[in-house]
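Structure assessment
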Amino acid sequence: MNESGADIDDLLGRMTLAEKIGQLNLLPAGEGLVTGAGGGSRLAERIDTACIGGVFGTKSRASARSMQQRALEASRLNIPLLFAEDVIHGHRTVFPLPIALACSWDMELVEETAAFAAGEAAALGIHQAYAPMIDVARDPRWGRVAESPGEDPTLAARYAAAMTRGLQGDDPSAPGRVAACLKHFVAYGAPESGRDYDNASMALEDLFGAHLPPFEAGVRAGALSVMVAFNAVAKLPMHAHEPLIEGWLRGRIGFDGLVVSDYTGIKELTAHGLGRPETVVARALHAGVDMDMVGEDYLEHLPALAEGGIDDAESGTRFGASEIRKLVDRACRRVLTFKARLGLFDDPFRGMPEGSEPDVAPTAEGRALARRAAVRSAVLLKNEGVLPLGPDRRRIALIGPFADDRINMLGTWAVCGQADDVVSLRNVLSDRPGIELRCAEGCNVVEEPWLADRLNVFGPIVRLDPRPEEETIAEAVACARDADMVVLALGEAKEHAGESSSRLAPELPAPQRRLLEAVARTGTKLVVVIFAGRPLALGPVTAAADALLLAWHGGIEGPRAIVDLLFGDAAPSGRLAATLPAHPGQTPVFHAIEPTGRPSGGGFEKFRTGWLDLDDAATVFPFGFGLGYSAVRYGAPVADRLEARGEEESIEVGVDLTNEGDRSTIETVQLYLSDPVARVTRPVRELKDFRRITLQPGETGHVRFTVTAAMQRYPLAPSLEEAAFVRDPGRIIVHIGPNSRDTQALELTWHG
Ligand code: NOJ
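No experiment lies behind these values; they were computed from the predicted model shown.

Helices and strands together make up the secondary structure of the protein chain, namely 21 helices and 29 strands. Over its C-alpha trace the protein chain gives a radius of gyration of 27 Å, about what one expects of a compact globule, namely 27 Å for 752 residues. When its C-alpha atoms are laid out on the principal axes, the protein chain stretches across 75 × 65 × 45 Å. A burial count over the protein chain gives 61% of its 752 residues as buried. Sequence separation of 24 or more characterises 77% of the internal contacts of the protein chain that already satisfy a separation of 6 or more. Summing over all exposed atoms, the protein chain offers an accessible surface of approximately 27600 Å²; the carbon and sulfur share of this is 49%. Distance between charge centres in the protein chain, computed from 77 positive and 104 negative side chains, equals 2 Å.

Attention now goes to the nonpolar core. Ranked by size, the top nonpolar core spans 211 residues in total, and within it Phe185, Leu207 and Ile530 carry the most contacts. Each residue touching Leu207, except ones within four places of it in the same chain, is listed here: Val186, Ala187, Met202, Leu212, Pro213, Val233, Leu244 and Leu720. Ranked by size, the runner-up nonpolar core spans 24 residues in total, among them Leu695, Phe705, Ala709 and Ile732.

Another point: the sheet that holds strand 1 (residues 25–28). What the 5 strands build is an open sheet, ordered 4-3-2-1-10; its pairing is parallel. The open sheet has two edge strands, strand 4 (128–129) and strand 10 (292–293), and neither has a second partner. Bridge count for strand 1 against strand 10 is 2 bridges, and the pairing is parallel. In the sheet register, Asn25 faces strand 10, and the bridge partner there is Asp292.

Okay, the domain arrangement of the protein chain next. By a widely used convention, the size of an interface equals the accessible area lost when the partners come together. Per the domain assignment, the segments making up the protein chain are domain 1 (367–566) and domain 2 (632–751). The straight-line distance from the C-alpha centre of domain 1 to that of domain 2 is 37 Å.

Looking now at the site of the ligand. Residues in contact with the ligand amount to 13 residues; listed here are only the nearest, Asp86, Arg144, Lys183, His184 and Asp262. Between the ligand and Arg144 there is a distance of 2.7 Å, counted from an oxygen atom to a side-chain nitrogen or oxygen. The side chain of Asp262 places a nitrogen or oxygen atom 2.5 Å from an oxygen atom of the ligand. If the ligand stood free it would expose 300 Å²; the protein chains cover 95% of that surface.

So, on to the sheet that holds strand 5 (residues 181–185). The strand order 5-6-9 describes an open sheet built from 3 strands, whose pairing is parallel. In this open sheet, the two strands that pair with only one neighbour each are strand 5 and strand 9 (258–260). With direction set aside, neighbouring strand axes in the sheet form an average angle of 25°.

We now examine the pattern of salt bridges. Under the criterion given, the structure shown has 65 salt bridges. Salt-bridge contacts for Asp484 lead to Arg395; the nearest nitrogen and oxygen are separated by 3.3 Å. Taken together, the residues span a long stretch of sequence, with Asp484 in the loop between helix 18 (469–481) and strand 16 (485–491) and Arg395 in strand 14 (residues 395–399) at a distance of 89 residues. Of the charged contacts, one joins Arg691 and Asp689 as a salt bridge, the two residues approaching to 3.2 Å between their closest N and O atoms. Judged by its relative accessible area of 9%, Asp689 falls in the buried class.

Here we take up unusual backbone geometry. Here the bond from Ala131 into Pro132 is cis, since omega is 5°, no more than 30 degrees from zero. In this structure, Pro132 sits in the loop between strand 4 and helix 7 (153–168). Note that the residue after Leu387, namely Pro388, is joined by a cis bond; omega there is -10°. Turning to its location among the elements, Pro388 is positioned in the loop between strand 13 (379–383) and strand 14. A positive phi angle is found at Asn78, which is not glycine, with a value near 55°. With respect to the helices, strands and loops of the structure, Asn78 is situated in the loop between helix 4 (61–74) and strand 3 (82–85). Residue Asn78 is classed as partly exposed on the basis of its relative accessible area of 49%.

For Asp262, the position within the fold is in the loop between strand 9 and helix 11 (268–271). Residues Asp262 and Pro237, spaced 25 residues apart in sequence, show a C-alpha to C-alpha distance of 12 Å.

This part covers the environment of Leu285. Mapping Leu285 onto the fold places it in helix 12 (residues 277–287). By relative accessible area, which is 1% here, Leu285 ends up buried. Distance from Leu285 to Pro401, taken between C-alpha atoms, is 48 Å for residues 116 residues apart in sequence. Ignoring sequence-local partners within four residues, the contact set of Leu285 consists of Leu24, Tyr298, Leu302, Ile324, Leu327, Val328, Arg330 and Ala331.

Across the interface, helix 6 (residues 107–122) lies against helix 7 with an axial gap of 7 Å and an inter-helix angle of 35°. For the pair helix 6 and helix 7, the crossing hand works out as right-handed. Between helix 6 and helix 7, the residues in contact are Met107, Val110, Glu111, Ala114, Ala115 and Ala118 and Leu155, Arg158, Tyr159, Ala162, Met163, Arg165, Gly166 and Leu167, respectively. Looking at the contact of helix 6 with helix 7 residue by residue, the classes come out as 10 nonpolar, 1 polar and 3 charged.

The geometry of an aromatic ring pair is captured by two quantities: the separation of the ring centres and the angle between the planes. Scanning the entire structure with this criterion turns up 12 aromatic pairs. When the ring of Phe185 is compared with that of Trp248, the centres are 6.0 Å apart and the planes differ by 20°; the resulting orientation is stacked. Here the residue Phe185 occupies a position in strand 5, and Trp248 occupies one in helix 10 (residues 242–252), the gap between them amounting to 63 residues. Of the two residues, Phe185 and Trp248, both sit in the buried class. Where Tyr197 meets Phe230, the ring centres are 5.3 Å apart and the plane angle is 85°; that geometry is what we call edge-to-face. Taken together, the residues span a long stretch of sequence, with Tyr197 in the loop between strand 5 and helix 8 (204–211) and Phe230 in the loop between strand 6 (225–228) and strand 7 (232–233) at a distance of 33 residues.

This part is about the environment of Ser148. Here Ser148 is to be found in the loop between strand 4 and helix 7. On the basis of relative accessibility, which here comes to 0%, the residue Ser148 falls in the buried class. In this structure, the C-alpha to C-alpha distance between Ser148 and Cys332, residues 184 residues apart in sequence, is 30 Å. Sequence-distant contacts of Ser148, defined by excluding residues within four places in its chain, comprise Pro98, Ile99, Met133, Asp135 and Ala137.

With that out of the way, let us pick up helix 10. Turn by turn, an α-helix covers 3.6 residues, leaving residues three or four places apart pointing in a common direction. All buried positions along helix 10 are accounted for by Leu244, Ile245, Glu246, Trp248, Leu249 and Arg250. Downstream of helix 10 by one or two residues, Gly254 has phi in the positive range, about 85°.

Restricting attention to buried positions, one finds in helix 19 (residues 510–520) the residues Pro511, Gln512, Leu515, Leu516, Ala518 and Val519. Lining the buried residues of helix 19 we find strand 14, helix 18, strand 16, strand 17 (525–531) and helix 20 (539–544).

Here the structure, examined in full by the defined rule, presents 0 disulfides. Cys479 supplies the cysteine sulfur nearest to Cys439, a cysteine that is in no disulfide, at a spacing of 6.7 Å. A relative accessible area of 27% means that Cys439 is categorised as partly exposed.

Reading guide: rules and limits
Residues numbered from 1 in each chain as written. Predicted model: local features only at pLDDT ≥ 70, side-chain atom pairs only at ≥ 80, totals over all residues. Heavy atoms only, no water. Helix = DSSP H or I, 4+ residues; strand = E, 2+ residues; numbered from the N terminus. Rg over C-alpha atoms; globule rule 2.2 N^0.38 Å. Buried < 20%, exposed > 50% of the residue type's maximum accessible area, 1.4 Å probe, protein only. Contact = heavy atoms within 4.5 Å. Areas by Shrake-Rupley, 256 points an atom, 1.4 Å probe, with all protein chains shown as cover. Lys, Arg positive; Asp, Glu negative; His and termini not counted. Charge placed at Lys NZ, Arg CZ, Asp CG, Glu CD. Core = buried A, V, L, I, M, F, W, Y, C linked by side-chain atoms within 4.5 Å. Pairing = 2+ DSSP bridges. Domains from an automatic or database assignment. Near = heavy atom within 4 Å. Polar contact = N/O pair within 3.5 Å; in protein donor to acceptor, adjacent residues only side chain to side chain. Axes fitted to C-alpha atoms, helices over the stretch in contact; angles between N-to-C directions. Salt bridge = Lys/Arg side-chain N within 4 Å of Asp/Glu carboxyl O. Left-handed = near helix turned anticlockwise from the far one by under 90°. Nonpolar A, V, L, I, M, F, W, Y, C, P; charged D, E, K, R; others polar. Phe/Tyr/Trp six-rings, centres within 6.5 Å; stacked < 30°, edge-to-face > 60°. Disulfide = S-S within 2.5 Å.

Structure, rendered in structure tokens:
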């Protein structure tokens, strides 16, 4: 018996082979079944012949209900459909991008946004969210950095757990909850040269040290499902990666939920070079991919494979018919168990009661949460005394291609998001009393018509002004000259980032750089607000701006949050979840780099690690960095003792912090460790823990961390199967500070 009361063994025993294979098939709703009327779509046909286990992408309760009704009528054994959706950063109430939410370092907030999104999705009959996306991403060229929690495995692991708790709660079958789906398993965030879908080649130590930990954390938090990545890892495409899926994920970590393919990912194994369609089907099933999303390759090839097996000498693939039938049973059992865990056998119409559609328009509560999330996600990078804006800054020139934008605020992956739900920066500012606002777009988002076409692929999000750029820039300059203050809204369109949106050079597009230069030359005080879906190289912007705020794509309340921050109604507290490169060519870039024999700053004038043509003084905004409106002074870190021994002992380290400003502030105190001598080369420092503390003006607070033996363990991996986490006796350096660079150190010794 399953925990929901459904007897999966009994059910499986009564199913035909065709019914079992049908359960492994997952299709998009598309335009297929919007009403109960049916029609001749592929989806309708699959439902009517019980050849489908789940559907993703349904946008209404009525369509979900009608599909469920038909599926139950068609299924001899009354097996319900499963409904999934990409609920990535909110559903109708769109929150900031995941990379932005991660910059809050506020896991309660992350959990709250996920729980809210789960409620909205569940109200439309959705059972499973294709989230959290927990790919550690260290290459700003990769467009899906937008969807990721950034560069660091510890932060990503916390984010994975928080999102999972938010989506599933204590009981994913409870009303308003959905199953989490950890994705993309694994190392999808490390594609060659940042090109989406490209393969990841890395030391196995990096796989175990950086890319697998967030998945382990998500599994430990109870995530019910996992999605496999499109790419190959260490030469083996993930959809065929038996050692990682069955071996590590299930065998080592104990995951016992559902593994779903990514979109046509099984079919794509053929293009990866693994063999004919039937060969790759056998390999994916054997690897542990239970459900086939979109491709229908299981549906097409498993019947024959289950009859005759496969012996494909060219690819070295051999499975007997009975082995295939056992693998079909295994996958089907997991699909049914998943449905049972979601309570679908008890209530197949869960979340889709008969009657009218729910009103999904954002509520005041959702907006308040979205605004708080956007406030906490924005990162203040520079402030030469101009923010918060004082009463002397009344005549404001709002300039830039995102000044009056709504749709791009949503960010990538807002499948239910509506531009109409967003109030533009221009509207928020003009609603603010006592402000004289002048506006100009100044330039286009990009200049190349073909690139604009690519950005507009899902609908118009950028528009090319046909006027010559000199004219639009001159208009903006006039506007700036006449103001007390310029707010310059620059950055990326939402489709600049996200899936299949890798960029050669992660920086502001050329027309925006020209606009920046021209506006800066006016000498009017300049606040630059950057909307982006990836870490951008902001060197020239930093030099030109008096204040610089990285707002990412902040969701439906993004612009309101920016105005809250500009005027000091709220104080910035975001900290970078990913390093911002000093130059667009400085990729990959992340704080946990390894030392080399010739480090920069190590006494080597020329023959050292680095770039010949990158100025040493160029600005890199380090991981963990972010300013507030109050200066916080750190005391010297103190340890309760300097030596410890063995696995059980630990050392408490703490630091006093004083808010020297005149307003309340949230400080994110970060703990890094480095291991100066080990069996292999180890990162120069790694984030191990962090705490957020609120300090009132003048208040001194204390933050304490426990340094454990477990924190010091690192992976050694002669092979996937033999990988182990080890620890050596000796020195451990603790670094505490407000970001990964500006830390104070303390040396500890661990004896054995
Ligand atoms: C492909 C993406 O890689 C994945 O993240 C998403 O969940 C599926 N498409 C379904 O939309």
